[in-house]
Amino acid sequence: PAEAEVVEEPTAEVPAEAGGEFDPLPVLASFSTSEGEVTVITGGEENSAAPDTRIMAGSQIITGDNSGIEFLLEDGSIIQLGANTILDIRELADDPADSAAENILALSAGDFLLRQPQPGNILVLLDSDDNILGSLQASATAAESEKPPRSTARHLAQETSDQAAMAINFAPDSDAVVRLSCFAGQCTLGDSLVIAVGEEVVVNRVERVVLSEEPIS
């Protein structure tokens, strides 16, 4: 009789170890809530914001009239965008416990609020020309604000429990004039000028000059 043919079982491929040929999974931001017309563009694909929308480095978020969105970064930072805002996610830190790592975002227009309920990464905000508008970092010893929560614009609300919070608002009639308001934490204008907690600074981002500095009203 003929010998039975031996059929070898296929061998499963073993994934490469860390640092091998496979790319790591991208660091994602977590969608929280949205209202109105909010578009997320990632990898050239345009989608309306939804609970399963992927937000990662390279994503762009655009809000329409009477619209807003809130999403979370891995270190627990909360990002809130108001109406008619354009935000690009440039880089996301892969270690939420690394206080020297940076989450880098770029704001082209609109209203924006950064909130950190607890210490985490540094938040760096650029303008559309890649100049540093400001940065924010929570301090482990930050005291809770004695002032009531503030609403800086529709869809943007700061809480007294935030260890760091800074609002950035473009003037509606000029893409050069920007207002930065420091509610808590370590707020910086540009790459070096410290903004005191409770202070509001208006700058011309194109000419790189401070137009006014006064307490938040």
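Source: prediction; values computed, not measured. (Residues numbered from 1 in each chain as written. Predicted model: local features only at pLDDT ≥ 70, side-chain atom pairs only at ≥ 80, totals over all residues. Heavy atoms only, no water.)

## Considering the layout of surface pockets
The computed volume of the second largest pocket comes to approximately 170 Å³. Every residue lining the second largest pocket is counted, 14 residues in all, and those nearest its centre are Asp111, Asn169, Phe170, Ala171 and Pro172. Every element with two or more residues in the lining of the second largest pocket is listed here: strand 15 (164-170) and strand 16 (177-184). Considered class by class, the residues forming the lining of the second largest pocket number seven nonpolar, four polar and three charged. (1 Å grid on protein atoms, 1.4 Å probe; cavity = no way out; pocket = protein on both sides within 12 Å on 5 of 7 lines; lining within 4 Å. Points joined across faces, edges and corners; volume = space filled by probe spheres on them. Helix = DSSP H or I, 4+ residues; strand = E, 2+ residues; numbered from the N terminus. Nonpolar A, V, L, I, M, F, W, Y, C, P; charged D, E, K, R; others polar.)

## Describing the pattern of salt bridges
The full count for this structure, using the stated rule, is four salt bridges. Through salt bridges with shared partners, one network takes in Asp127, Asp129 and Arg205. (Salt bridge = Lys/Arg side-chain N within 4 Å of Asp/Glu carboxyl O.)

## Details of the nonpolar core
Ranked by size, the top nonpolar core spans 36 residues in total, and within it Phe71, Ile79, Leu87, Phe112 and Ile168 carry the most contacts. In terms of residue count, the dominant contributor to this core is strand 15 (four residues). (Core = buried A, V, L, I, M, F, W, Y, C linked by side-chain atoms within 4.5 Å. Buried < 20%, exposed > 50% of the residue type's maximum accessible area, 1.4 Å probe, protein only.)

## As for a negative patch on the surface
Residues Glu74, Asp94, Asp95 and Asp98 make up a contiguous surface patch of negative charge. Among the structural elements, aspartate 98 can be located in the loop between strand 8 (86-91) and strand 9 (102-109). (Patch = residues over 30% accessible without salt bridge, like charges linked within 9 Å, V, L, I, M, F, W, Y side chains within 5 Å. Areas by Shrake-Rupley, 256 points an atom, 1.4 Å probe, with all protein chains shown as cover. Lys, Arg positive; Asp, Glu negative; His and termini not counted. Charge placed at Lys NZ, Arg CZ, Asp CG, Glu CD.)

## Structural notes on the state of the cysteines
According to the stated counting rule, one finds one disulfide in the structure shown. Between cysteine 182 and cysteine 187 runs a disulfide, and the two sulfur atoms are separated by 2.1 Å. The disulfide joining cysteine 182 to cysteine 187 has a torsion of about 75 degrees about its S-S bond and is therefore right-handed. This pair shows no difference in class: cysteine 182 is buried, exactly as cysteine 187 is. (Disulfide = S-S within 2.5 Å.)

## Describing the sheet that holds strand 7 (residues 78-81)
The strand order across the open sheet formed by nine strands is 4-1-6-7-10-15-16-19-20, and the pairing between neighbours is antiparallel. Edge positions in the open sheet fall to strand 4 (55-56) and strand 20 (209-215), since each of these has one partner strand only. Pairing of strand 6 (residues 68-72) with strand 7 involves four bridges; the strand directions are antiparallel. Bridge assignment links glutamate 70 to a residue of strand 7, and that residue is glutamine 80. (Pairing = 2+ DSSP bridges.)

## Some thoughts on the sheet that holds strand 12 (residues 132-137)
Pairing in this open sheet of nine strands is mixed, and the strands run 3-2-5-8-9-11-12-17-18 from one edge to the other. Of all the strands in the sheet, just strand 3 (45-48) and strand 18 (193-195) have a single pairing partner and so form its edges. Ignoring which end each strand starts from, the neighbouring axes of this sheet average 25 degrees apart. Taken together, the four bridges between strand 11 (residues 122-126) and strand 12 define a ladder with antiparallel strand orientation. In the strand pairing of strand 12, valine 124 is matched with serine 135. (Axes fitted to C-alpha atoms, helices over the stretch in contact; angles between N-to-C directions.)

## Some points on the side chain of asparagine 169
Turning to its location among the elements, asparagine 169 is positioned in strand 15. A distance of 2.9 Å separates the side chain of asparagine 169 from the side chain of aspartate 111, its partner in a polar contact. (Polar contact = N/O pair within 3.5 Å; in protein donor to acceptor, adjacent residues only side chain to side chain.)

## Things to note about unusual backbone geometry
Of note, the phi angle at asparagine 66 is positive, near 50 degrees, even though the residue is not glycine. With respect to the helices, strands and loops of the structure, asparagine 66 is situated in the loop between strand 5 (60-63) and strand 6. Given a relative accessible area of 52%, asparagine 66 falls into the exposed group. Phi is positive for aspartate 130, close to 65 degrees, though the residue is something other than glycine. By the secondary structure assignment, aspartate 130 is in the loop between strand 11 and strand 12. Among the residues examined, aspartate 130 registers a relative accessible area of 45% and is labelled partly exposed.

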